[in-house]
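Read off the chains here:
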Amino acid sequence: DDPAWNDLVPSTEGGDGGLITVRHTGEPHRRPWRLEGSTTHVLATGESVWVPDTSAPSRFGPYPDLAAQGIRSFAIVPLRAGGRILGRLGFNFTRGGDLDAGEREAMELFAAHAAAALERARFLHEQAGRVAAEAAVRARDELMAVASHDVKNPLTVIKGTADNLLRQLRDGRVERVGERRGER
């Protein structure tokens with residue numbers, strides 16, 4: 001009996017047509033899914049799926065692999081936030097049979113709270129990215145201001161020296177390079 005199968009964890013579609021589940025241990029678990037399966041239905045329609053008997057034929061199953069692992073029934077509930085489906089939450093049970101209205105309501109409520117938490121985490125992650133980008137722009141602007149100031153001072157000295165040399169050259173107080181005094 002694998003206790004990880006009883007986890008209440010969010011899942012999302014994997015790029016290779018699989019279901020990626022993050023268990024309470026933090027380890028991802030990947031398994032293939034059927035295009036006509038229950039997870040696809042939940043993600044496409046936003047409707048919850050309740051399977052009271054994993055060994056019996058149903059709209060999406062049977063599920064012999066789950067039954068072999070001791071999972072007698074399961075529920076898949078969409079994680080809905082901001083008018084979109086973020087993923088799904090799966091509940092596995094070692095007892096068979098239908099779920100009562102209170103159990104279904106509790107799972108829907110839990111999924112709503114999980115989706116809200118995921119949406120807040122996404123928002124905070126995006127906000128942290130914006131804050132980091134703004135900090136990078138401020139740091140760049142400060143660097144440019146310091147560099148401009150640091151470059152401006154020596155350039156002012158060089159320009160002043162060059163202007164002074166040009167005046168002396170015009171006034172004949174300085175020899176041109178390669179010229180000797182008196183040979184113009």
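Basis of the calculations
Residues numbered from 1 in each chain as written. Predicted model: local features only at pLDDT ≥ 70, side-chain atom pairs only at ≥ 80, totals over all residues. Heavy atoms only, no water. Helix = DSSP H or I, 4+ residues; strand = E, 2+ residues; numbered from the N terminus. Areas by Shrake-Rupley, 256 points an atom, 1.4 Å probe, with all protein chains shown as cover. Buried < 20%, exposed > 50% of the residue type's maximum accessible area, 1.4 Å probe, protein only. Pairing = 2+ DSSP bridges. Phe/Tyr/Trp six-rings, centres within 6.5 Å; stacked < 30°, edge-to-face > 60°. Polar contact = N/O pair within 3.5 Å; in protein donor to acceptor, adjacent residues only side chain to side chain. Core = buried A, V, L, I, M, F, W, Y, C linked by side-chain atoms within 4.5 Å. Arc of directions from axis to C-beta. Contact = heavy atoms within 4.5 Å.

A. Representation of the overall build of the protein chain in the model. Of the regular secondary structure elements, the protein chain holds three helices and six strands. N-terminal to C-terminal, the α/β element order of the protein chain is β-β-β-α-β-α-β-β-α. Total accessible area on the protein chain stands at roughly 12,300 Å², and carbon and sulfur atoms take up 58% of it.

B. View of the pairing of strand β5 (residues 73-81). With eight of nine residues buried, β5 is to be regarded as a mostly interior element. Where strand β4 (residues 49-51) meets β5, three bridges bridge the pair, whose relative direction is antiparallel. Paired with W50 across the two strands is A75, which belongs to β5. Of the strand pairs in this sheet, β5 and strand β6 (residues 84-93) are connected by nine bridges, and their pairing is antiparallel. By the bridge assignment, S73 is partnered in β6 with F93. Connecting β5 to the antiparallel partner β6 that follows it, the hairpin turn spans two residues, and G82 within it adopts a positive phi of roughly 60 degrees.

C. Expanded view of the packing of aromatic side chains. A full pass over the atoms with the stated rule returns two aromatic pairs. Ring centres of Y63 and F74 lie 4.9 Å apart, and the angle between their planes is 90 degrees; on these two criteria the pair is classed as edge-to-face. A residue pair is termed long-range when its members are at least 10 positions apart, and Y63 in the loop between β4 and α2 (64-68) and F74 in strand β5 qualify at eleven residues. Centre to centre, the rings of F91 and F110 are 6.3 Å apart; their planes meet at 70 degrees, and the pair counts as edge-to-face. In this pair, F91 sits in strand β6 while F110 sits in helix α3 (residues 101-170), placing the two residues 19 residues apart along the sequence.

D. Quick peek at the environment of T45. One can find T45 in helix α1 (residues 38-45). Judged by relative accessible area, T45 falls into the partly exposed class, the value being 40%. In terms of polar contacts, T45 uses its side chain to reach the backbone carbonyl oxygen of H41, at 2.6 Å. Separated by 3.1 Å, the side chain of T45 and the backbone nitrogen of E47 make a polar contact.

E. Structural context of the nonpolar core. Ranked by size, the top nonpolar core spans eleven residues in total: A75, V77, L79, A81, L89, F91, F93, L99, M107, A111 and A115. Contributions of two or more residues to this core are made by β5, β6 and α3. When residues of this core are assigned to their parent elements, the largest contribution, four residues, is made by β5. Formed by nine residues, the second largest nonpolar core is a distinct cluster that contains V42, V51, Y63 and L66.

F. Structural context of α1. Of the residues making up α1, those classed as buried are S38, T39, H41 and V42. Each buried residue of α1 sits inside an arc of 160 degrees when the element is viewed along its axis, so together they form one side.

G. Main features of the environment of A116. Inspection of the secondary structure assignment puts A116 in helix α3. For the pair formed by A116 and L79, sequence separation is 37 residues and the distance between their alpha carbons is 8.4 Å.

H. View of the side chain of T54. Inspection of the secondary structure assignment puts T54 in the loop between β4 and α2. The class for T54 is buried, based on a relative accessible area of 0%. Separated by 2.7 Å, the side chain of T54 and the backbone oxygen of I71 make a polar contact. In this structure, T54 is in contact with P62, Y63, P64, L66, A67, I71, R72, S73 and F74, ignoring residues within four places of it in sequence.

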